[in-house]
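So you can see what is in the structure, the chains are spelled out below.
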Amino acid sequence: MTATDHTPESAHPLGATHPLALAPVTGPASSVDGFVRQFLRNLNYERGVPLSASTPNDRYMAFAMTVRDYLMARWLEDQKRQREAQAKGVAYLSAEYLLGRQLDNNLLATGLSEIATAAMETCGIDIDDLRAQEVEPGLGNGGLGRLAACFIDSLATLGVPNTGYGIRYEYGIFRQTFEDGQQVEQPDSWLRLGSPWEFPHPEAARTISFGGHTETYDDEGTERSRWVPAWNVLAVPYNYMVPGYLNGRVNTLRLWSAKATNSFDLRVFNSGDYEEAVRSQTFAENISKVLYPEDSTPQGKELRLQQQYFFVAASIGDFLASLPADFDPANLPDRIIFQLNDTHPVIGVPELMRVLVDEKKMAWEDAWGITQKCFAYTCHTLLPEALEVWSVDLLGRLLPRHLEIIYRINDEFLVEVRERFGDDEMRIRNMSIISEFPDRSVRMAFLATVAGAKVNGVAELHSQLLREKVLPDFNEFYPGKFTNVTNGVTPRRFVRLSNPGLSTLITEAIGPGWVTDLERLRELETYAEDTQFRDAFAQVKAANKRRLGDVLRARDGVEISDGHMLDVMVKRLHEYKRQMLKLLHIVTEYEGIVSGRVAASDVQPRTFVFGAKAAPGYVMAKRIIHLINAVGSVVNDDPRVEGRLKVLFPPNYNVTLAERLIPAADLSEQISLAGKEASGTGNMKFALNGALTIGTDDGANVEIRELVGDDNFFLFGMSEPEVEALWARGYKPAEFYQADDGLRRAMDLIASGAFSGGDKTVFEPIVSNLLYDDRFMVLADYSSYIAEQAKVDAAYADQDAWTRSAILNVARCGFFSSDRSMRDYIERIWHTPPVI
Ligand code: 26V
């Protein structure tokens, strides 16, 4: 369909000849006419097309630019005000930002939705068609990246000065497709059609150095070190607006893109080797080329370290350059806190030391005192294999001066440890930032802990385990350094935007204040007892399922059946998250029906929805994806099931799909082995959208259950201490297999080749992994999970009681707003009050 189909030029001659297009633009597009005028200007002058010849992308771009123009005045003003206030701000250093689509969020933040919709109507354009054009920037893997996006949204809404710093990956998280049920990764070229939301500033590029050697020199009687690097890259900043919700505030997200420096390629070019010059250009620009799609197993890849240093050095340099020329670096802690989002930006610690000591010529002790006040570290994992280490070899080659600085930090730290604990060599070895085995390497989490003013975990249980199990010596050494900030999610994107039906219902009941004060949802508790409200709530859920149905039909050609409970498990595919446990439940239900032990008509109809990407090199995770798809095609096509069980696995789960899926869910699956999921944030989004949780006592599930109450949460499985006790006793998964008939039948069915066309080899590795090397204790928690799922079925049979519980989940989860998380960080760690 072309624009003319919508808009005959005769009816809406909205090219450059339209009367509105010629009228002067006097102010922001805060009226329908003003919006139309600005839209047409953008279409004509920025895109260079009349409406009649515009493509959907032209119209989307012009529309987005119009929203952007509206934000621009505020952005410039707010940045100026923040500079003038000279207030302390937060530099959030994160290798990932999983932003999701920007258009709707920016419309919401500016209050422009109605005007913009009306304006597009007068142009004969369906605003939904524009929305559909936007490719989400998938610059993150999962929870950690999405959390960063929620946090910067909340900081803008709270009016706290903040710059988010990160990398403008040319390719974000891969696009997932399935071929014969197996994951295939496609490059995500999110910038192919251009992004209207970014502002490149090549003139503000910073030079980032690598390699070379260090040397000492005599500086008027003082011996100093300097770094003589071997090669440089340019870091070009791209700014993105981060608008607060209806408060006129706009912070900045600054993502760095790598560009070859002139000096770099010219040198080679002059030597006559043109090809080599081009090659080295590509080499330099590789740094921001692609997001590493691993989210738990660091590979120690050189390019990844390059990425980390690249964005952190650019960001720290950028902040320092923004200070007045006469600024005394001794006062840095009054102006900035660098928040380290996991260990990825920890190389910033020796970088700030290098700048202060080598460039600003500060005494080591003074520089270290400042550095220790300027950084704070958030740990996002408990898996030992996810704790980053860099080999000394690699670090020394790429960043020789930083390695020296790390050695000195470690030497002085270990002196202090000896002073306190004596020559306890075991303890020294355990606490050393440099580990000697298996290879000599730098433990980035230790470096962050030593350097950081504060260290926090992301949920109560996680922070406790961090103190007691992961970093116990450090906790003893630095009493008061460890703290907790439980994660949160932004209510703007994950309720207000993604669940318009529920939002209207809530606002009608308690007014609009909840969007920025989520604890106000408490006021809904009394409404849980109101039959009319319950009916309305149930209708919203049903409508959300239809909305999801529309999306899945359009994108994947699948249907959601009426009357089904929607049981959803969406998150990265990882063994510790236990998608296999969910699958064993499905196979158990299916086996019950096909064996004739259970009548299909007695089964509560359920649709199981999975969404999960596996790291491309994670073989077991990919096998599990294959098995989910295989079980899905058998179960969905077996007439004996009578359509009562259905498995859906829409490929390429991302933020955009999450926004449709979560509001439609009845049941949220949060079933990790206790002690493994640091927090989870999907769990919060589901509860806030009125899904009930079936979950283990893990991560933030613990706090969700405490808040919603045992009656409104399906708890199962071992607690973390029970897990530890079972390991201590000696865990033999095969014993659980032997002891539980249901489990045995489900496993045997998979092993029999029933889901692989009779081929027993395809899924054999999964079965034997569970039987003999079940690291995440799937079999140990199986029976308790199945028993709890029976309670879920029984509870769902009473729809009205279920709805009541769902309302109570919404009412009691206001705590999980990222606004609250940000207030906690501000109070416990950052001490950065809002700038009024
Ligand atoms: C680790 C690594 C290791 C090196 C390779 C690349 C890479 C990329 C990301 C990560 C971070 C993994 C940690 C992570 O995502 N943790 C999740 O953080 C969420 C927000 O705090 C939390 O809700 C999840 O429970 C936790 O798994």
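Structure first, text after, so check above.
Calculation notes
- Residues numbered from 1 in each chain as written.
- Predicted model: local features only at pLDDT ≥ 70, side-chain atom pairs only at ≥ 80, totals over all residues.
- Heavy atoms only, no water.
- Near = heavy atom within 4 Å.
- Polar contact = N/O pair within 3.5 Å; in protein donor to acceptor, adjacent residues only side chain to side chain.
- Areas by Shrake-Rupley, 256 points an atom, 1.4 Å probe, with all protein chains shown as cover.
- Nonpolar A, V, L, I, M, F, W, Y, C, P; charged D, E, K, R; others polar.
- Domains from an automatic or database assignment.
- Core = buried A, V, L, I, M, F, W, Y, C linked by side-chain atoms within 4.5 Å.
- Buried < 20%, exposed > 50% of the residue type's maximum accessible area, 1.4 Å probe, protein only.
- Contact = heavy atoms within 4.5 Å.
- 1 Å grid on protein atoms, 1.4 Å probe; cavity = no way out; pocket = protein on both sides within 12 Å on 5 of 7 lines; lining within 4 Å.
- Points joined across faces, edges and corners; volume = space filled by probe spheres on them.
- Helix = DSSP H or I, 4+ residues; strand = E, 2+ residues; numbered from the N terminus.
- Pairing = 2+ DSSP bridges.
- Right-handed = clockwise from strand over helix to strand, strands pointing away.
- Phe/Tyr/Trp six-rings, centres within 6.5 Å; stacked < 30°, edge-to-face > 60°.
- Lys NZ or Arg CZ within 6 Å of the ring centre and 35° of its normal.
- Axes fitted to C-alpha atoms, helices over the stretch in contact; angles between N-to-C directions.
- Parallel < 35°, antiparallel > 145°, perpendicular 65-115°, else oblique.

Caption draft 1: Local environment of the site of the ligand. Taken together, 18 residues lie near the ligand, and E294, H380, N487, E677 and G680 sit nearest. Within the backbone of A678, a nitrogen or oxygen atom sits 3.4 Å from an oxygen atom of the ligand. When the ligand is considered free in solution it has 590 Å² of accessible area, and contact with the protein chains removes 94% of it. Residues of the shell around the ligand, tallied by class, amount to 6 nonpolar, 7 polar and 5 charged. Counting the residues that make up the shell around the ligand, at least three belong to each of domain 2 (87–102 + 137–322 + 330–485 + 824–830) and domain 3 (492–816).

Caption draft 2: Fine view of the nonpolar core. F39, F63, F210, F310 and L332 are the most contacted members of the largest nonpolar core, which has 141 residues in total. Here this core gathers at least three residues from each of two domains, domain 1 (1–86 + 108–134) and domain 2 (87–102 + 137–322 + 330–485 + 824–830). When sequence neighbours within four positions are dropped, the list of residues in contact with F39 reads L51, R59, A62, F63, T66, M120, C123 and I125. Counting residues in hydrophobic clusters, the runner-up holds 106 residues, among them Y245, I506, F610 and A621.

Caption draft 3: Quick peek at the layout of surface pockets. Estimated volume of the largest pocket: approximately 1,500 Å³. Looking at the lining of the largest pocket, the elements that each hand over two or more residues are α5 (103–110), α6 (113–122), α7 (127–133), β5 (175–179), α20 (491–497), α22 (531–556) and α25 (655–664). Each residue belonging to the lining of the largest pocket can be placed in one class, and the counts come to 16 nonpolar, 12 polar and 18 charged. Quantified by volume, the second largest pocket comes out at close to 640 Å³. Around the second largest pocket, the lining is made up of 25 residues, and of these Q79, R83, T163, F319 and S322 lie nearest the centre. Those elements giving two or more residues to the lining of the second largest pocket turn out to be α4 (56–85), β1 (89–93), β4 (162–167), β12 (250–260) and α11 (302–321). The element best represented in the lining of the second largest pocket is α4, accounting for 5 residues. A breakdown of the residues in the lining of the second largest pocket according to their chemical character gives 11 nonpolar, 9 polar and 5 charged. Of the residues that make up the lining of the second largest pocket, three or more belong to each of domain 1 (1–86 + 108–134) and domain 2 (87–102 + 137–322 + 330–485 + 824–830).

Caption draft 4: Spotlight on the pairing of strand β24 (residues 692–695). The alternating pattern of β24 places L692 and I694 on one face and T693 and G695 on the opposite face, and all of these are buried. Bridge analysis of strand β23 (residues 667–670) against β24 gives 4 bridges, and the strand direction is parallel. Bridge pairing links E669 to I694 in β24. Regarding the hand of the β-α-β motif, the stretch spanning β23, helix α26 (residues 682–688) and β24 is right-handed. Summarising the sheet, β24 and strand β25 (residues 714–715) pair through 2 bridges and their orientation is parallel. Bridging from a neighbouring strand, G695 pairs with L715 of β25.

Caption draft 5: Structural detail: the packing of aromatic side chains. The final tally for this structure, using the stated rule, is 27 aromatic pairs. With a centroid separation of 4.9 Å and an interplanar angle of 80°, the aromatic rings of F477 and Y478 are classed as edge-to-face. By relative accessible area, which is 4% here, F477 ends up buried. Taking the relative accessible area as the measure of exposure, Y478 reaches 13% and is therefore buried. Grouping aromatic residues by their ring pairs yields a cluster made of F413, F421, F446, F474, F477 and Y478. If you follow K613 out to its NZ or CZ, it ends over the ring of F174, 5.5 Å from the centre.

Caption draft 6: Molecular detail of the packing of helix α21 (residues 500–510) against α22. Look at α21 against α22: their axes get within 8 Å of each other, and the N-to-C directions meet at 160°. As far as their axial angle goes, α22 and α21 are roughly antiparallel. Taken together, the residues of α22 that come into contact with α21 (itself represented by P500, G501, L502, L505 and A509) are F533, A536, F537, V540 and R547. Residues belonging to the contact of α21 with α22 are distributed by class as follows: 8 nonpolar, 1 polar and 1 charged.

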